Amino acid sequence: MQKAALAEKKKGRRIALVPTMGFFHEGHLSLMREARRRADILVVSNFVNPTQFGPKEDLARYPRDFKRDCKLAEQIPVDIMFAPRNEDMYPTSFRTFVEVEGWGKVLCGMTRPTHFRGVTTIVLKLFNIVQPDVAVFGWKDAQQFLILRRMVEDLNLPVEMVGGEIVREKNGLAMSSRNKYLTNEEFEDASVINKTLKKAFVLIKEGADIDAVRHFIIKSISQTKYGKLDYVDFVSRSTLEPLEQIKKGDTLIALAVFFGKTRLIDNLRV
Ligand code: AMP
């Protein structure tokens with residue numbers, strides 16, 4: 001992969017990368033289309049990265065369908081699907097991790113303390129292998145995007161970072177490979193997450209403060225049949241620090257909600 005990338009660069013071609021864990025849905029495809037427009041060569045990585053899963057998480061049962069992914073990628077079209085094996089990315093001698101200090105311990109990092117160092121490490125490896133000029137990530141995983149953007153700036157990586165909008169199911173639920181775990185009833189119930197965020201946006205427009213909006217979100221999720229709120233936090237997008245007041249253009253409202261054992265995330269940027 002690295003040889004192919006360096007050869008393309010030598011010819012003056014611009015490379016775009018969309019990192020994924022496969023099992024494509026419309027969210028992935030929209031990022032690929034965005035990336036396609038921005039470069040000559042489109043590389044999509046398809047790798048379920050073990051270092052971003054905790055010991056009790058769903059690594060073994062994470063959904064995979066490589067054949068279907070290949071067919072969908074052809075339609076974009078993707079030039080190279082990079083699908084390494086675990087032993088290629090993490091040989092037994094592997095020892096190096098990269099971490100954006102502090103930022104991986106808040107929000108989703110509270111319950112997934114090693115998740116983001118797995119993400120930053122694999123993405124830095126992918127950047128070194130694929131040599132992209134531009135990389136596209138989804139705002140669905142807002143904390144991930146902000147952490148990766150911080151890493152790129154801190155480590156002077158010559159990669160333009162692009163955020164793609166959240167693609168949703170008809171009922172408003174953010175698309176996710178993990179939605180496959182939901183029963184039909186849970187899937188319908190989970191539409192409350194987006195409805196709640198939309199209403200929160202209206203409340204903020206009407207001048208509600210953070211306490212009032214937080215209270216509304218907690219109450220709204222508690223009224224669902226299956227949803228159990230993991231967290232909801234209001235943080236600055238530039239520092240990831242908790243906010244006391246809504247700061248227009250810098251506020252991230254991030255939340256995670258359990259439906260059964262399935263943990264879903266969503267967010268609102270104000
Ligand atoms: P994943 O395969 O879940 O690791 O996701 C790969 C990329 O797709 C990440 O940058 C995600 O943020 C992005 N992504 C996942 N779901 C969505 C969605 N519903 N809308 C937009 N981007 C998404």
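### What to know about the domain arrangement of the protein chain
Item 1. Considered domain by domain, the protein chain is made up of domain 1 (2-164) and domain 2 (177-269).
Item 2. Computed over C-alpha atoms, the centres of domain 1 and domain 2 are 25 Å apart.
Item 3. Note on domain 1 versus domain 2: buried area summed over both sides is about 1,900 Å², and carbon and sulfur give 61% of it.
Item 4. Three residues stand out in domain 1 for area buried against domain 2, namely Trp103, Leu107 and Trp139, and they jointly supply 28% of the buried area on that side.
Item 5. Linking domain 1 with domain 2 are one salt bridge.

### Quick word on helix α3 (residues 66-75)
Item 1. Taken as a whole, α3 has its buried residues at Asp69, Leu72 and Ala73. Projection of α3 onto a plane perpendicular to its axis shows the buried side chains occupying an angular sector of 100°, all on one side. Facing away from the buried side of α3 by more than 90 degrees, the exposed set consists of Lys67, Lys71, Glu74 and Gln75.
Item 2. Contacts made by the buried residues of α3 are with α2 (26-38), β2 (41-46) and β3 (80-82).

### Let's talk about the site of the ligand
Item 1. The environment of the ligand is formed by 17 residues, the closest being His28, Gly138, Asp141, Val167 and Met175.
Item 2. Between the ligand and Asp141, the relevant distance is 2.6 Å, taken from an oxygen atom to a side-chain nitrogen or oxygen of the residue.
Item 3. Within the backbone of Met175, an N or O atom sits 2.9 Å from a nitrogen atom of the ligand.
Item 4. When the ligand sits alone it has 480 Å² of accessible area, and the protein chains cover 93% of it.
Item 5. Where the shell around the ligand is concerned, the elements lending two or more residues are β1 (15-20), α2 and β4 (134-138).
Item 6. With three residues, α2 is the largest single contributor of residues to the shell around the ligand.
Item 7. Looking at the shell around the ligand, its residues break down into eight nonpolar, six polar and three charged.

### Notes on the pattern of salt bridges
Item 1. Inspection of the entire model under this criterion finds 20 salt bridges.
Item 2. Arg38 is the salt-bridge partner of Glu160, the closest N and O atoms lying 3.3 Å from each other. Remark: Arg38 occurs in helix α2 and Glu160 occurs in strand β5 (residues 160-164); sequence separation between them is 122 residues.
Item 3. Residue class for Glu160 comes out partly exposed when judged on its relative accessible area of 38%.
Item 4. On the basis of relative accessible area, Arg38 is assigned to the partly exposed category, the value being 30%.

Definitions and cut-offs
- Residues numbered from 1 in each chain as written.
- Predicted model: local features only at pLDDT ≥ 70, side-chain atom pairs only at ≥ 80, totals over all residues.
- Heavy atoms only, no water.
- Domains from an automatic or database assignment.
- Buried area = accessible area lost by both parts, 1.4 Å probe.
- Salt bridge = Lys/Arg side-chain N within 4 Å of Asp/Glu carboxyl O.
- Buried < 20%, exposed > 50% of the residue type's maximum accessible area, 1.4 Å probe, protein only.
- Helix = DSSP H or I, 4+ residues; strand = E, 2+ residues; numbered from the N terminus.
- Arc of directions from axis to C-beta.
- Contact = heavy atoms within 4.5 Å.
- Near = heavy atom within 4 Å.
- Polar contact = N/O pair within 3.5 Å; in protein donor to acceptor, adjacent residues only side chain to side chain.
- Areas by Shrake-Rupley, 256 points an atom, 1.4 Å probe, with all protein chains shown as cover.
- Nonpolar A, V, L, I, M, F, W, Y, C, P; charged D, E, K, R; others polar.

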